[in-house]
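# Results of the structural survey
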Amino acid sequence: MSDRFRKFVQIIGSGPHTGKSLTREEAAEAMEMMLLQTATPAQIGAFLIAHRIKRPTGAELAGMLDAYASMGPKLEPVASHHRAPVILGIPYDGRSRTAPIASIVALIMAAAEIPVILHGGDRMPTKYGIPLIDIWQAWGIDWTAVSLDRLQAIFAATGLGFIYTPTHFPAAAGLTPYRDQIGKRPPIATLELLWCPYAGDAHLIFGYVHPPTEQTALVAATLRDTPHKITTVKGLEGSTDLPRDRTVIVGVHRSGRELERIFLHHYDYGLSNVNPPLLATPELMVEFANVLAAKPSDLLDSVIWNAGFYLWHCGGASDMMTGMQLATVLLTSGAVYDRLAQIAAALNE
């Protein structure tokens, strides 16, 4: 048993009257002890549920991210990439109601020479929804056995990389069973949205559900002063996918500046208010194949709308309509499908 870690549990778990928050340095130390599992299972479980009840502060998240940054893997900057990569922070527990389109949007961005880094693991609690890795494997691309050096080469050649945490960050993946055992999403679920596995300047885009998550995350980002640009999206099921059944709320945070807001409405782009539903994986992959072939569908409309926004927002188009037009051209010309094939070839060399 770790007496030091027991002190951390006592600090955050003493209730509303005497409980306190950890300092950034204490949170970093606690996170490192959990990743190394020098704390006992009972201590880790107690810490995670106590922190879930208390709610983490921005300073605590900053400290935990410090531990992730020091212990986790990083892709290195690539001289031939002329834009900072986009890191998509998407909940690891996946989707259970709406179709996940971030992987296709990432392919479109890569085809437009905007580098993208994805990260995630297998199906996990509490949602046990379809994770990103399942979509890539259904495309015949298996990121699970790729070494970090090989992943770096693929990222350099194709502009897209996927950090599969059980392989590249097993210490973090080792905490997954606790999420099932405590039955609630602990603070490490928020870290997954904010983690930047990249050694240079990046543009972090993360989704959220509850407004307090956005505010706490931005405090953590301000304290760490990295990355210099962050975009928040009140997306579908906490993802970065733009919803069509309500106003899209986007926040843009740059170091040293006030938070800027962008609001988008589906009807301004001729879209209905229906989000494409999640289908069983085989049927979903058929729909994705139709999107890659640019066959008209409601899912294609959502993909072009999302890709148009991200191409514009990340510097690949002068405005959103131009971004949507570019996304359409990249799909109809076969450039997106070719980028997928390029990734598969690079991975299977």
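### Observations regarding helix H6 (residues 102-111)
- Burial analysis of H6 places ten of its ten residues in the buried class, the great majority of the element.
- For H6, the complete set of buried residues consists of Ala102, Ser103, Ile104, Val105, Ala106, Leu107, Ile108, Met109, Ala110 and Ala111.
- The first or second residue beyond H6 is Glu113, which carries a positive phi of 65°.

### Focus: the environment of Ile114
- With respect to the element layout, Ile114 can be found in the loop between H6 and strand E2 (116-120).
- Look at Ile114 and you get buried, because its relative accessible area is 1%.
- Between the alpha carbons of Ile114 and Pro85 there is a distance of 6.6 Å; along the sequence they are 29 residues apart.
- With near-sequence residues (within four places) excluded, Ile114 lies in contact with Arg83, Val86, Met109, Gly159, Leu311, Cys314 and Gly316.

### What to know about the pattern of salt bridges
- Counting across every chain of the model gives 15 salt bridges.
- Across the salt bridge formed by Arg6 and Asp3, the nearest N and O atoms sit 3.3 Å from each other. One end of the pair, Arg6, and the other, Asp3, are both in helix H1 (residues 3-12), three residues apart, so they sit about a helical turn from each other.
- A relative accessible area of 36% places Arg6 in the partly exposed class.

### Quick word on the nonpolar core
- By size, the foremost hydrophobic cluster in this structure holds 118 residues, and its most contacted members are Met31, Phe47, Ile108, Trp136, Trp139 and Trp143.
- In this structure Trp136 touches Ser103, Leu107, Leu118, Ile141, Trp143, Leu160, Phe162, Leu340 and Ile343, once residues within four positions along its chain are discounted.

### Considerations on the pairing of strand E5 (residues 229-233)
- Most of E5 is tucked away, with five of its five residues classed as buried.
- Along E5, one buried face is formed by Lys229, Thr231 and Val233 and the opposite face, lined by Ile230 and Thr232, is buried too.
- Pairing geometry for strand E4 (residues 203-207) and E5, over five bridges, is parallel. In the sheet register, His203 faces E5, and the bridge partner there is Lys229.
- Handedness of the E4-helix H13 (residues 211-224)-E5 crossover: right-handed.

### What to know about the sheet that holds strand E1 (residues 86-89)
- Strand order in this open sheet of seven strands is E3-E2-E1-E4-E5-E6-E7, and the pairing throughout is mixed. The outermost strands of the open sheet, each flanked by one partner alone, are strand E3 (160-164) and strand E7 (260-264). Pairs of neighbouring strands in the sheet enclose a mean axial angle of 20°, with direction left out of account.
- The pairing of E2 with E3 spans five bridges and is parallel. Counterpart to Ile117 in the pairing with E3 is Gly161.
- Against the sheet, helix H15 (residues 298-313) touches E4, E5, strand E6 (248-254) and E7, its axis set at about 155° to E7.

### What about the pairing of E4?
- Burial analysis of E4 places five of its five residues in the buried class, which makes it a mostly covered element.
- Taking every second residue as pointing to the same face, both faces of E4 are buried, with His203, Ile205 and Gly207 on one and Leu204 and Phe206 on the other.

### Observations concerning H13
- Given a rise of 1.5 Å per residue, 14 residues ought to cover 20 Å, and the 20 Å separating the end C-alpha atoms of H13 matches this to within 8%.
- All buried positions along H13 are accounted for by Glu214, Thr216, Ala217, Leu218, Ala220 and Ala221.
- Structurally, H13 contributes buried residues whose contacts are with helix H5 (58-71), helix H12 (188-194), E4, E5, E6 and E7.
- Just downstream of H13, Asp225 is the residue with a positive phi angle, here 55°.

Procedures and definitions
Residues numbered from 1 in each chain as written. Predicted model: local features only at pLDDT ≥ 70, side-chain atom pairs only at ≥ 80, totals over all residues. Heavy atoms only, no water. Buried < 20%, exposed > 50% of the residue type's maximum accessible area, 1.4 Å probe, protein only. Helix = DSSP H or I, 4+ residues; strand = E, 2+ residues; numbered from the N terminus. Contact = heavy atoms within 4.5 Å. Salt bridge = Lys/Arg side-chain N within 4 Å of Asp/Glu carboxyl O. Core = buried A, V, L, I, M, F, W, Y, C linked by side-chain atoms within 4.5 Å. Pairing = 2+ DSSP bridges. Right-handed = clockwise from strand over helix to strand, strands pointing away. Axes fitted to C-alpha atoms, helices over the stretch in contact; angles between N-to-C directions. Expected span 1.5 Å × (residues − 1).

Remember that the coordinates give geometry; whether it matters functionally is a separate question.
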